[in-house]
Every structure is written in C-alpha cells, then in structure tokens.
Amino acid sequence: MKHKMDRPSLVIHIAIIVWIALWNALALALHHHLEGLPFRGWAFFISVTFYYFMEEPNWKKKMASTFFGGSVGILFTLFLVLVDVWLEGMGVSHVVGVMIPLCVVLIVLIMGKPYCPVLFNSIGFAYFVITTMPGVVDTIVEDTIPYIVSIGLGCIILCGGCQLMTKLIADYYTKKAAKAAK
C-alpha cells in the first residue's frame, strides 16, 4: 500500500536530510582539526539514526534514551574489556574472559529494561555491539569519554536541530492553514 506524504512532512524530511548532510560535510571539512578533540564521528552521526527509529512520541524521552542508552552501551564495552583483561591476567582464557562479562551485560540490559528503559534499551545494545567491533574495541579504554561526548553532541546538535526544525516547519504550516481557513 502506498503512502502519500503531505507537503509539510516532505519539507520536514528534506530539511532534516539537509541538516544532517551539512553537519556531515562540516565534520569532513574539519576532520584534521578535530583529531585531538574528544570527538568521534560515528558516535555523533549514528545518534540521529537511533533517535528517529525510536517509537517513543516524546522527543525529550527519545533524546534521553539515545544519550543515556548509548552511554551505557559504551560503558558496558569498557566493562567487558577491563574484566577480560583482569581475568586473562588470572590465567583464564580469552573466550571465557569475554563470555563472563558478556553474559553479565546481556542480563543487565534485558532485566534492566522494564525498570529503567532510558538506560537499558536497544540503543545501548547497539552501541555495545558497535564498540565491540575490531578497531573500535581496541581503543575503548582511551576513547570512552570521547564516544560519550560525541553521543551527547549528536543528541544536542543533530537531534535537537532536527527537532527544532520540525517544530518550526510544523508551526509555519499550521499558521498557514489557519490563515487560509479564515
């Protein structure tokens, strides 16, 4: 079944795409200047993806869940790495050293969601999975704070900017429709 998009929705979606593209271009242009700063581009840009895929209608809850869930996922990866290193130092194999904290992380994420969904959610799991990938997990100890800062900046700049544009455009079309109805 086809869904026809009305003009205000189309304008909002185009504005969001342009906003994200502008920030992406800016990050690429300033890449060399950002190298020493606590900024990690993937953590910054993926926050807006998670924000828009959430089913939550309240934008404040979505933003909190994106930031706190992502931060918890990154901290869980740090926990996994530190426990693995500690267990390996005690003579435990790497596989067992990973499986023990992995089980703890999954239990906490699954069991914690009903009690505190802002912290324990699918966004946290997604950031956890991403940060356990080779190349990212290798630097998790020194990059934990930059990742969390980047999620926060992504929530404020990308998600906040998109939310503000959505409100401004919706208000414009609401006023336009009210004026046309008079």
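Structure shown above.
What counts, and where the lines are drawn
Residues numbered from 1 in each chain as written. Predicted model: local features only at pLDDT ≥ 70, side-chain atom pairs only at ≥ 80, totals over all residues. Heavy atoms only, no water. Salt bridge = Lys/Arg side-chain N within 4 Å of Asp/Glu carboxyl O. Helix = DSSP H or I, 4+ residues; strand = E, 2+ residues; numbered from the N terminus. Buried < 20%, exposed > 50% of the residue type's maximum accessible area, 1.4 Å probe, protein only. Core = buried A, V, L, I, M, F, W, Y, C linked by side-chain atoms within 4.5 Å. Contact = heavy atoms within 4.5 Å. Axes fitted to C-alpha atoms, helices over the stretch in contact; angles between N-to-C directions. Parallel < 35°, antiparallel > 145°, perpendicular 65-115°, else oblique. Left-handed = near helix turned anticlockwise from the far one by under 90°. Nonpolar A, V, L, I, M, F, W, Y, C, P; charged D, E, K, R; others polar.

S.K.: Help me get a handle on the pattern of salt bridges, residues and values and all.
M.R.: By the definition in use, this model includes one salt bridge. Between K167 and D171 there is a salt bridge, with its nearest N and O atoms 2.8 Å apart. Taken together, the positions of K167 and D171, both in helix α7 (residues 140-181) and four residues apart, correspond to about one turn of that helix. By relative accessible area, which is 48% here, K167 ends up partly exposed. With a relative accessible area of 31%, D171 lands in the partly exposed category.

S.K.: Describe the nonpolar core, listing the residues and the values that go with them.
M.R.: Judged by nonpolar contacts, the single largest core of 39 residues is most densely connected at F50, I74, F76, Y127, I140, Y147 and I151. Not counting residues within four places of it along the chain, the set of residues in contact with Y127 comprises W42, A43, I46, S47, F50, G70, G73, I74, T77 and I151.

S.K.: Explain the packing of helix α3 (residues 41-53) against helix α4 (residues 59-89) to me, and be specific about the residues and the numbers.
M.R.: At a minimum axis distance of 9 Å, the contact between α3 and α4 shows a crossing angle of 135°. Comparing their axes, α4 and α3 come out oblique. Crossing hand, α3 versus α4: right-handed. Between α3 and α4, the contacting residues are S47, F50, Y51 and Y52 on the first element and W59, K62, M63 and T66 on the second. Residue classes in the contact of α3 with α4 are distributed as five nonpolar, two polar and one charged.

The values reported here are purely geometric and, on their own, carry no functional implication.
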